Amino acid sequence: MIQQHGGNAYSLKNIIDFSANINPLGTPESVKAAIAANISDIEKYPDPDCTELRKKISVHEAISFERIICGNGADDLIFRIVHTLKPHKALVCAPSFTEYSRALSEVGCETTEYRLSEDNSFNVTGDILSSLDESLDLCFICNPNNPTGSLTPPDIMEEVSKKCQHNGTVLVSDECFLDFVPDGKEYSLMRFISGSSIILKAFTKLYAIPGIRLGYAVCGNTELAEKIRNSGQFWSVSSVAQKAGIAAMDENNYVHKTIEYIASEREFLTMELRGLGVKVYDSAANFMMFKSDKGLAERMLADGILIRDCSNFSGLSDGFYRIAVRTHSENIKLIETLRRCING
């Protein structure tokens, strides 16, 4: 079963979904309470400027209010960025999140790929700099990368930022999974942000609210932010989503607990998977990629486990799979099912 994205499990019954990279600790109670307490707001149009939420994010990110844009998930912002800038030529990594290329194709943009090498565990290395020239209008880097979970080292990100700024290329760093990483701020483009930088963040994954749809972008300057803010639909973020985001920003203990939990369970899964003889790629995120038998996803699904078949990612082929880090009991169930499906 090849999916366009993880989490497409509506037609499936009685399965454990390892295809969607959502926080296994679940939605914080304060966020649920904020949604319930403000449900009557659905009778009114939402604030199109997301004023209160952007002010909260401004404090959280220590960045000016005017440089922040909120959207209907990070995916919405990817398309708004592309449709605003209308690039003629762009660079994406491969494999990486497929929506960058899909958005670029909508505006007829020529897309080139920086191919990540399996020999180098699909890591971004310094040779990406040779792919950055003045012909590029836009460059996407996912950090940590999806589906591999690998981090781009800060020194490489700094050099990429400098070269993009010099060339007049807008650099978009998708950091939707960076909050799962211990010391994640050390890897953020925020340290090297320039006037041609955009950082993407999402509430979806960390706070386990994919059904609400909420993300934001931090821009290197107010002019760029204003252009993107004026694109797309006028009321892009619902009233309840804005309230959910405001509540989520106060969940510091929840975030710390999540980081510790994910690190522990990811280590457990890595050891168990390697014990089964499959190739596991090092990940810093709340998911990991591994390589095993062709047809494994179908056998797992027949046994009640949905994993992400990655063969439709550019740069990957049959036999690559991505799994989310879930609760310990679910992770044990995954390993037991994998053992049966691999060994028969």
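K.L.:
Could you give an account of the sheet that holds strand β12 (residues 308-309), with specific residues and numbers?
P.N.:
Strand order in this open sheet of four strands is β9-β10-β13-β12, and the pairing throughout is antiparallel. Across the chains shown, the open sheet's two edge strands, defined by having one partner strand only, are β9 (279-280) and β12. Sheet topology note: the strand β10 (residues 287-291)/strand β13 (residues 320-324) ladder contains five bridges and is antiparallel. Across the sheet, residue Phe287 finds its bridge partner in β13, namely Ala324. Here helix α8 (residues 252-275) sits on the sheet and contacts β9, β10 and β13; the angle it forms with β10, its principal contact strand, is near 10°.

K.L.:
An account of the pairing of β13 is requested, with residue identities and associated values reported.
P.N.:
For β13, the buried fraction is high: five of the five residues fall into the buried class. Side chains Phe320, Arg322 and Ala324 of β13 all project onto a buried face; the interleaved residues Tyr321 and Ile323 project onto the opposite face, where all are buried too. Relative to β13, β12 runs antiparallel, the two sharing two bridges. By the bridge assignment for β13, Arg308 is matched with Arg322.

K.L.:
Which residues make up the sheet that holds strand β3 (residues 89-94), and what values do they have?
P.N.:
The sheet built from seven strands is open, its strands ordered β2-β8-β7-β6-β5-β3-β4 with mixed pairing. With partners counted over all chains shown, the strands left at the sheet margins are β2 (68-71) and β4 (110-115), one partner each. If you compare each strand with its neighbour and ignore which way they point, the axes differ by 20° on average. With four bridges joining them, β2 and strand β8 (residues 215-219) adopt antiparallel strand pairing. Bridging from a neighbouring strand, Gly71 pairs with Gly215 of β8. Taken strand by strand, helix α2 (residues 51-61) contacts β2, β7 (197-202) and β8, and its axis lies near 125° from that of β2. Along the sheet, helix α6 (residues 222-229) contacts β2, β7 and β8; its crossing angle with β2, the most-contacted strand, is approximately 20°.

K.L.:
Let's hear about the side chain of Thr337: which residues, and what values?
P.N.:
Inspection of the secondary structure puts Thr337 in helix α10 (residues 328-343). Among residues more than four places away in sequence, those in contact with Thr337 are Met300, Asp303 and Ile305.

So, how was this worked out
Residues numbered from 1 in each chain as written. Predicted model: local features only at pLDDT ≥ 70, side-chain atom pairs only at ≥ 80, totals over all residues. Heavy atoms only, no water. Pairing = 2+ DSSP bridges. Helix = DSSP H or I, 4+ residues; strand = E, 2+ residues; numbered from the N terminus. Contact = heavy atoms within 4.5 Å. Axes fitted to C-alpha atoms, helices over the stretch in contact; angles between N-to-C directions. Buried < 20%, exposed > 50% of the residue type's maximum accessible area, 1.4 Å probe, protein only.

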